[in-house]
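A closer look at the structure
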Amino acid sequence: MGQVKDTLVKLKCSVCNRITHYTKRNKKKVKEKLALSKYCRFCRKNTGHTESK
Ligand SMILES: [Zn+2]
């Protein structure tokens, strides 16, 4: 019974390139890179966010 560990990933705003959110992802289940629309507090609006290492 192995425990499945979620990996902590950073979400970077594609407009200002700052890390604005953190999320967890199971790399064994989700292989695609994340691309989400989230609120960026620096841009003060919803922007596209991509996964950053
Ligand atoms: Zn931003």
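Predicted, not measured: the structure shown is a model, and the values here were computed from it.

Another aspect to go through is the overall build of the chain. If you tally the helices and strands in the chain, you get 0 helices and 4 strands. Counted from the first residue to the last, the chain has its helices and strands arranged as β-β-β-β. Taken over the C-alpha trace, the chain has a radius of gyration of 13 Å; the compact-globule value for 53 residues is 10 Å, which it surpasses by more than 25%. Its C-alpha atoms give the chain principal-axis dimensions of about 45 × 15 × 15 Å. With 53 residues in all, the chain has 9% of them scored as buried. Of the contacts made within the chain by residues no fewer than 6 positions apart, 42% connect residues no fewer than 24 positions apart.

What follows covers the pairing of strand S2 (residues 19–25). Across 6 bridges, strand S1 (residues 7–13) lies against S2 in antiparallel orientation. Counterpart to Leu 11 in the pairing with S2 is His 21. Joining the antiparallel neighbours S1 and S2 is a turn of 5 residues, in which Asn 17 adopts a positive phi near 65°.

Read across the sheet, 4 strands follow the order S2-S1-S4-S3 without closing on themselves; strand pairing throughout is antiparallel. On the outer flanks of this sheet lie S2 and strand S3 (35–40), each paired with one strand and no other. Neighbour-to-neighbour, the strand axes of the sheet open up by a mean angle of 40°, direction not taken into account. The pairing of S1 with strand S4 (residues 45–52) spans 4 bridges and is classified as antiparallel. Within the sheet, the bridge partner assigned to Leu 11 lies in S4 and is Glu 51.

On to the environment of Asn 26, then. The residue Asn 26 is located in the loop between S2 and S3 in this model. Under the C-beta neighbour-count criterion, Asn 26 is labelled exposed, with 10 such atoms within 10 Å. Along the backbone, Asn 26 and Lys 12 are 14 residues apart, and their C-alpha atoms lie at a distance of 18 Å. Apart from residues lying up to four places away in sequence, Asn 26 is in contact with Val 4 and Asp 6.

Criteria and thresholds
- Residues numbered from 1 in each chain as written.
- Predicted model: local features only at pLDDT ≥ 70, side-chain atom pairs only at ≥ 80, totals over all residues.
- Helix = DSSP H or I, 4+ residues; strand = E, 2+ residues; numbered from the N terminus.
- Rg over C-alpha atoms; globule rule 2.2 N^0.38 Å.
- Buried ≥ 20, exposed ≤ 12 C-beta atoms within 10 Å, placed from the backbone.
- Contact = placed C-beta atoms within 7 Å.
- Pairing = 2+ DSSP bridges.
- Axes fitted to C-alpha atoms, helices over the stretch in contact; angles between N-to-C directions.

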